[in-house]
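# Coordinate analysis (summary)
Now for the letters of each chain:
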Amino acid sequence: MSYYRDDRSTDSVALDFDAVKTTAIQKIFFFAQSHADLVPLSDQARELYGDQLYMTYSLPEYFEIMPPGVCKGTALAEVLKLKGYGLQDAIAFGDGMNDFEMLSSVGKGVVMGNADPSLVNSLPGFERIGHCDDHSVAEYLAKLYCL
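Structural notes, computed from the coordinates. This structure is a prediction, so every number in the text was calculated from the model and none was measured. (Residues numbered from 1 in each chain as written. Predicted model: local features only at pLDDT ≥ 70, side-chain atom pairs only at ≥ 80, totals over all residues. Heavy atoms only, no water.)

Looking now at the pattern of salt bridges. Think of it this way: side chains of opposite charge can pair up when their charged atoms draw near. Under the defined criterion, the tally for this structure stands at three salt bridges. The residue Glu64 makes a salt bridge to Lys27 at a minimum N-O spacing of 3.3 Å. With Glu64 in strand E5 (residues 62-66) and Lys27 in the loop between strand E2 (12-15) and strand E3 (28-31), this pair connects stretches of sequence that are 37 residues apart. Lys27 sits in the partly exposed class, given a relative accessible area of 44%. Between Lys72 and Asp99 there is a salt bridge; the shortest N-O distance is 2.7 Å. Remark: Asp99 occurs in the loop between strand E6 (91-94) and helix H3 (100-105) and Lys72 occurs in helix H2 (residues 72-82); sequence separation between them is 27 residues. The class for Asp99 is buried, based on a relative accessible area of 3%. (Salt bridge = Lys/Arg side-chain N within 4 Å of Asp/Glu carboxyl O. Helix = DSSP H or I, 4+ residues; strand = E, 2+ residues; numbered from the N terminus. Buried < 20%, exposed > 50% of the residue type's maximum accessible area, 1.4 Å probe, protein only.)

Structural data, given as structure tokens:
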């Protein structure tokens, strides 16, 4: 038996994966008590599927699998395009590995003080600001725009 969470609910329920209709799946989300519990699963998924799927950790205990090209960087590029802007015109803030593509593709990517160490190590030259709970984004933007 596996656990499944419907995005319309905060509850997880036990269910047999063979009974799940797979035609509309957009994301498979795994969570565990610790990062170490997910490493064998993520290693196996990467070995089996490589670049056929987009795989990332949103938090050390949350591993996500999505179709290729589905990430925050792609989503932000589409929204900016609709508004007549490019990625070079944007600033983005992030703290999880699922923010990597977004932060590395915008004109200014900023890493939060509470960021996953893997993200910090992946973006060594990026500016870091305070913790997300300390209003650091608002303070950064206020300082940047002299508000």
